[in-house]
Amino acid sequence: STINSNMAEEYSLFRLYARHTLGSVLKFTGFIGRENIPKDTAVVFCGNHNNYYLDGMSLFAHTPRDGYFLVSSTSYKKRLLGDLVRMGPSLPIRRPVDLRYRGEGTVTSVSDRIVTGVETKFLIQIKRGDTLRLDSRVDHKVEEVVSNTTLLLRDIPERHFEKDGFYVLPKTDYTATFKTIWSHLAIKKSLFLWPEGATHDRANFVPIQPGVAIMALGAMHEHKIPVSLVGFGLNSFEIGKFRSETVIMYSKPYQIPQELADLYGRDKRLACAALLKEVQRVMDETSITASSQEELQCVYLAGEIYLSDKKSVSKTQEVDTYRRISKLFENNKDKPQTQQILKKLQIQNQQMRSLEIRDGDLASISSKSSSLWALWSIFAILLLFLLSQPTGIFAIPIMLLTQVFIRTEMEREMKVSIYRVKALDIVSSFQLKMLIASVGVYFVVA
């Protein structure tokens, strides 16, 4: 693929469009650390990946640097959202998962690196370096194909598997893609990418891939230019919720040492391993993480309770409080007192969800009497019910149909992704898709 030479006007137009469109799906309440971004050097932005459309659009819309973001070829080809991505400065990249195909036969045993199958055609369908993905959502790198029914894995599996279908993820040659990216960085442009290599709805990071290190170190080695890393975190307080409060954080830049680029010329594996540690560090600095989405909601709830009056603190202090609480839970997760606190917070979260109360409502509720709040809630519900009557008859079928589409898409993505937990990120993508479609219908009808 080649990168299109978009003009400055195209950057501005797409950035303006992205800001207004995203503002209808997410509620951006803070941008922390934008002053850290270098202005006159090549920058590789690395961040968490909880939504394959909103992440890229959000970062490009609100980051004061022109650049390109990498997009999987599958997402690039999709209707509506893919059309929107192609409007902007993006570079499609073919990942092994985008080229996957169903393997014939059944895997009957995976044990001690040896894979045995029945009615399989390993010699025809698989080669060394490919990835074997079982239907139980586990990936294994292939070291050697012994016969049509036997192959050898590179590593010993963590678990024993029996009788499973499988997909083959072919090994991909990225040489041409890397050269295109290196030339892009050589003219001091920026690049937005997601080192995890896959979108997911987890509350923590999945293993990062070496591609980001090859892109940065390869550009430095081939073109003798300085390259900096900047971590970014798109932190949505309620993933999958419409108009979820969202904060974007940027880390301080890490200028990659020239010595590491020189090492890349001698030992690519060692140099990439060293840089990946720095990539993980700058990503950790900008994200609020937890062991699960349930625990992450407990972190936010604990922060809301601690910051009873958020108006008196800055957004930076607020996010720093969440990060401190997250680290506190993580470092003391095995202590009984921590488990008791988390259990109490989970119970309170469940009660709040049943009453449709968000964390951000706690401060306003605490300042009112419970009876006054209940009366106001009843009045608001009745008023909204009366106002919605003229269009309610038409809206209900649309809402039900939307839920069916979302559920179908979530089930499909759960089958092909090994990292998703509930596919909550699909909800926000569908909201964006519906928004784009509804705007188009409005202009056609109007």
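Relevant structure appears above.
On a predicted model such as this, the values are computed, not experimentally measured, just so you know.

Caption draft 1: Main features of the overall build of the chain. Within the chain one finds 15 helices and 15 strands. Residue burial in the chain is summarised as follows: out of 446 residues, 47% are buried. Across the chain, contacts joining residues at least 24 apart in sequence account for 74% of those joining residues at least 6 apart. Of the roughly 23800 Å² of accessible surface on the chain, 58% is carried by carbon and sulfur atoms.

Caption draft 2: Molecular detail of the packing of helix α7 (residues 211-223) against helix α9 (residues 268-284). Orientation of α7 relative to α9, taken along the N-to-C sense of each, is 110°, at an axis distance of 9 Å. On the basis of their axis angle, the class for α7 and α9 is roughly perpendicular. On α9, the residues touching Val 212, Ala 213, Ile 214, Ala 216 and Leu 217 of α7 are Ala 271, Cys 272, Leu 275, Leu 276 and Val 279. Class assignment of the residues belonging to the contact of α7 with α9 gives a composition of 10 nonpolar, no polar and no charged.

Caption draft 3: Quick peek at the environment of Leu 307. Here Leu 307 is to be found in the loop between α10 (293-306) and α11 (315-331). Judged by relative accessible area, which is 10%, Leu 307 ranks as buried. Taking the C-alpha atoms as reference, Leu 307 lies 9.9 Å from Gln 317; in sequence the two are 10 residues apart. Discounting residues that sit within four places of it in the chain, Leu 307 has contacts with Val 313, Glu 318 and Thr 321.

Caption draft 4: Inspection of the nonpolar core at higher detail. By size, the foremost hydrophobic cluster in this structure holds 38 residues, and its most contacted members are Val 44, Ile 256 and Leu 275. Filtering out sequence-adjacent residues up to four positions away, Ile 256 remains in contact with Ala 216, Leu 217, Met 220, Val 227, Leu 229 and Leu 275. Core analysis: the second largest hydrophobic core is formed by 36 residues, Met 57, Tyr 76, Leu 234 and Val 427 among them.

Caption draft 5: Molecular detail of the packing of α7 against helix α8 (residues 258-266). For the pair α7 and α8, the least separation of the axes is 9 Å and the interaxial angle reads 90°. By the criterion of interaxial angle, the relationship of α7 to α8 is roughly perpendicular. For the pair formed by α7 and α8, the contact residues are Ile 214, Leu 217, Gly 218, Met 220 and His 221 on the first element and Gln 258, Leu 260, Ala 261, Tyr 264 and Gly 265 on the second. Broken down by class, the residue content of the contact of α7 with α8 amounts to 6 nonpolar, 4 polar and no charged.

How each quantity is defined
- Residue numbers restart at each chain and count upward from 1, following the sequence in its written direction.
- With the structure being a predicted model, the display of local features is reserved for residues of pLDDT at least 70 and the display and counting of side-chain atom pairs for 80 or more, all residues being used for whole-chain, interface and lining totals.
- Side-chain metrics rest on all non-hydrogen atoms present in the structure, leaving aside hydrogens and water.
- Strands are runs of DSSP state E lasting at least 2 residues, helices are runs of H or I lasting at least 4, and numbering of each runs from the N terminus.
- Under the scheme applied here, a residue whose accessible area is under 20% of the maximum for its type counts as buried, over 50% as exposed, and between as partly exposed, the area being computed with a 1.4 Å probe on protein chains only.
- Pairs of residues are marked as contacts when any of their non-hydrogen atoms sit within 4.5 Å.
- Under the convention used here, a 1.4 Å probe and the Shrake-Rupley method define accessible areas, while residue burial counts only the protein chains that appear.
- With axes taken as lines fitted to C-alpha atoms, and helix axes fitted only over the stretch in contact, angles between N-to-C directions fall between 0 and 180 degrees.
- Should an angle lie under 35 degrees it is considered roughly parallel, over 145 roughly antiparallel, and from 65 to 115 roughly perpendicular; all remaining angles are considered oblique.
- We call Asp, Glu, Lys and Arg charged. Ala, Val, Leu, Ile, Met, Phe, Trp, Tyr, Cys and Pro are nonpolar, and the rest, Gly among them, are polar.
- What is meant by a nonpolar core is a set of buried Ala, Val, Leu, Ile, Met, Phe, Trp, Tyr and Cys residues, joined one to another through side-chain atoms within 4.5 Å.

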